[in-house]
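Next come the chains, spelled out residue by residue.
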Amino acid sequence: MQTLNVDLGERSYPIHIGAKLLDQAALLEPHLAQKRVAIITNTTVAPLYLDQLSDTLTRLSVDILPIVLPDGEAYKNGETLNSIYDTLLKHRCERKTTLIALGGGVIGDLTGYAAASYLRGVPFIQAPTTLLAQVDSSVGGKTGINHPLGKNMIGAFYQPRVVLADTATLDTLPDRELSAGLAEIIKYGLIRDLPFFEWLESNMGKLRARNKEALAYAIHRSCQNKAAVVAADEREGGVRALLNLGHTFGHAIEAGMGYGNWLHGEAVAGGTVLAADLSCRMGWISEHDVDRVRALFRLAGLPDNAPDLGVEAYLDYMGLDKKVEEGKIRFVLLKSIGEAVVSGAPTGPLAAALSGFVQTP
Ligand code: NAD
Ligand code: GLY
């Protein structure tokens, strides 16, 4: 097992990474405020891992309320959130009842926001079971739900007490979901870690073949990058915005295609290709760099282009992005591979990028 720390003063917490961590009661015990938890999961993950986690908690004599939600990005909404509140209230869960998110990023984001808002805040723990959640969404305290008008529009910054990334859970993850997680891993290389990007170019085959050592290294290195950025800028006043590389375009792709049709990671890949293309059109990176980015996404089993939603639809969706300032859309763009910046973009290159690497949906 490897352990990293997210340094946020009194809200600091450990990220434990390793196989079979869901069996380890000692990792959970110090973070439980009372011997009562609600485990929030979904219909896919529950049959795989709910009993395992429940058995571990039972060894600590913890009283467990399981809440099993329908599976899918389409359920990351106010209605599902309300159903969580309903169950917590019906069972008289208290301020010290801990919510445990057992699942991917959808479950993590929903559970985190339920924890941030139920009784004005109860403790929560992240037990991420997708690659994407282990390298990104479980770390850093962004929680929330989608709104029909835009992705992740309602939410809060609310940190977990501990992150338990059990890498053995990745054994059951479908290949397409593994690839979706690779998109966020590639992101860290692109925005701030050129040696990691180069390592990914050489080791993508091993990651897709689920080589345990390679996966553990990539998860650890990604969490190191994420923890450093979050520690420097918890509430996205500055450098944390760089973690949104590809997301301004990507959120438009997710909403425009209908939530769940393009996986979040796939949309981020398509969005990152658009961001790289725009960076090239603005004279910052070369065409060779754009080709390198696209080639790595292809190796990861991800799209190397974006759906043709039409320039107007893209601009419409992106107008709701959380980075918009005084009505102007701001993008995360590449100064080079390994260095990103937040910037506006002139209309010409932007429109050209939006009709450049696109395919008919
Ligand atoms: P997801 O939560 O939908 O999980 C993907 C699929 O895998 C689901 O069908 C899920 O049930 C299934 N699954 C989960 N674990 C499994 C396992 N071990 N074995 C088999 N199947 C398993 O998707 P995701 O990619 O994990 O997360 C995407 C979400 O995360 C998006 O909503 C995105 O907005 C959010 N996100 C949040 C942050 C953040 O900082 N909070 C960062 C990135 C992404
Ligand atoms: N996934 C973007 C962030 O955590 O800031």
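Refer to the structure printed above.
Read on for an overview of the structure. (Residues numbered from 1 in each chain as written. Chains lettered and ligands numbered in written order. Predicted model: local features only at pLDDT ≥ 70, side-chain atom pairs only at ≥ 80, totals over all residues. Heavy atoms only, no water.)

### A few points about the site of ligand 2
Ligand 2 sits among D136, K142, K226, E236, R240, L243 and N244. Residue D136 places a side-chain N or O atom 3.3 Å away from a nitrogen atom belonging to ligand 2. Within the side chain of K142, a nitrogen or oxygen atom sits 2.9 Å from an oxygen atom of ligand 2. For ligand 2, whose unbound accessible area comes to 200 Å², protein coverage reaches 89%. Here the shell around ligand 2 is built from residues that sort into one nonpolar, one polar and five charged. (Near = heavy atom within 4 Å. Polar contact = N/O pair within 3.5 Å; in protein donor to acceptor, adjacent residues only side chain to side chain. Areas by Shrake-Rupley, 256 points an atom, 1.4 Å probe, with all protein chains shown as cover. Nonpolar A, V, L, I, M, F, W, Y, C, P; charged D, E, K, R; others polar.)

### Some points on the site of ligand 1
What surrounds ligand 1 is a group of 28 residues, the closest being D71, E73, T129, T130 and T172. Within the side chain of D109, a nitrogen or oxygen atom sits 2.9 Å from a nitrogen atom of ligand 1. Here ligand 1, which alone exposes 860 Å², has 91% of that area covered by the protein. Looking at the shell around ligand 1, the elements that each hand over two or more residues are α2 (46-58), α4 (105-117), α5 (131-137), β8 (150-157) and α6 (175-192). Within the shell around ligand 1, the residues separate by chemical class into seven nonpolar, eleven polar and ten charged. (Helix = DSSP H or I, 4+ residues; strand = E, 2+ residues; numbered from the N terminus.)

### Regarding the packing of aromatic side chains
In the structure shown here, the tally under the stated rule is five aromatic pairs. Taking the centre distance of 6.3 Å and the plane angle of 75 degrees together, the rings of F196 and Y217 count as edge-to-face. In this pair, F196 is assigned in helix α7 (residues 194-208) and Y217 in helix α8 (residues 212-232), connecting sequence segments 21 residues apart. You can call F196 buried: its relative accessible area is 0%. Residues F249 and F331 carry aromatic rings whose centres are separated by 5.1 Å and whose planes lie at 25 degrees to one another, so their mutual orientation is stacked. Linking F249 in helix α9 (residues 247-257) with F331 in strand β11 (residues 331-336), this pair joins segments that are 82 residues apart in sequence. For the pair F249 and F331, one class covers both residues: buried. In this structure, K335 is placed above the aromatic ring of W284, and the distance from its NZ or CZ to the ring centre is 4.0 Å. (Phe/Tyr/Trp six-rings, centres within 6.5 Å; stacked < 30°, edge-to-face > 60°. Buried < 20%, exposed > 50% of the residue type's maximum accessible area, 1.4 Å probe, protein only. Lys NZ or Arg CZ within 6 Å of the ring centre and 35° of its normal.)

### Describing the packing of α9 against helix α10 (residues 264-281)
Packing of α9 against α10 leaves a shortest axis separation of 7 Å and a crossing angle of 135 degrees. Relative to α10, α9 is oriented oblique. For the crossing formed where α9 meets α10, the hand is right-handed. Seen from α9, the contacting residues are H247, F249, G250, H251, I253 and E254; seen from α10, they are H264, A267, V268, G270, G271, L274, A275 and L278. (Axes fitted to C-alpha atoms, helices over the stretch in contact; angles between N-to-C directions. Parallel < 35°, antiparallel > 145°, perpendicular 65-115°, else oblique. Left-handed = near helix turned anticlockwise from the far one by under 90°. Contact = heavy atoms within 4.5 Å.)

### Overview of the nonpolar core
The biggest cluster of nonpolar side chains holds 72 residues, and the ones touching the most others in it are L131, I186, F249 and Y314. Looking at which element gives the most residues to this core, the answer is α10, with nine residues. In this structure, I186 is in contact with F197, L200, M204, L296, F297 and A300, ignoring residues within four places of it in sequence. (Core = buried A, V, L, I, M, F, W, Y, C linked by side-chain atoms within 4.5 Å.)

### Points about the pattern of salt bridges
Opposite charge on two side chains permits pairing when their charged atoms draw close. The final tally for this structure, using the stated rule, is 18 salt bridges. Across the pair D304 and R294 runs a salt bridge whose closest N-O atoms are separated by 3.4 Å. Separated by ten residues along the polypeptide, D304 in the loop between α11 (287-299) and β10 (306-307) and R294 in helix α11 bring together distant segments of the chain. Counted as one network, the salt bridges with shared partners bring together D136, E184, K187 and K226. (Salt bridge = Lys/Arg side-chain N within 4 Å of Asp/Glu carboxyl O.)

### Brief notes about unusual backbone geometry
Although it is not a glycine, L119 sits at a positive phi angle of roughly 50 degrees. The partly exposed category is assigned to L119, whose relative accessible area is 32%. The backbone phi angle of R120 is positive, close to 65 degrees, even though this residue is not glycine. On the secondary structure map, R120 appears in the loop between α4 and β6 (124-128).

### Thoughts on the pairing of strand β9 (residues 163-166)
Residues of β9 alternate between two faces, with V163 and A165 on one and L164 and D166 on the opposite face, all of them buried. Direction of pairing for strand β2 (residues 13-18) relative to β9: parallel, over a ladder of four bridges. Bridging from a neighbouring strand, G18 pairs with D166 of β9. (Pairing = 2+ DSSP bridges.)

### What to know about α11
The end-to-end C-alpha distance of α11 is 18 Å, a good match for the 18 Å that 13 residues give at a rise of 1.5 Å each. For α11, every residue scored as buried is listed here: D289, V290, V293, R294, L296 and F297. The buried side chains of α11 occupy one side of the element, clustering within an arc of 160 degrees when seen end-on. The exposed set on the far side of α11, more than 90 degrees from its buried face, consists of E287 and H288. As for α11, its buried residues are in contact with α6, α7 and α10. (Expected span 1.5 Å × (residues − 1). Arc of directions from axis to C-beta.)

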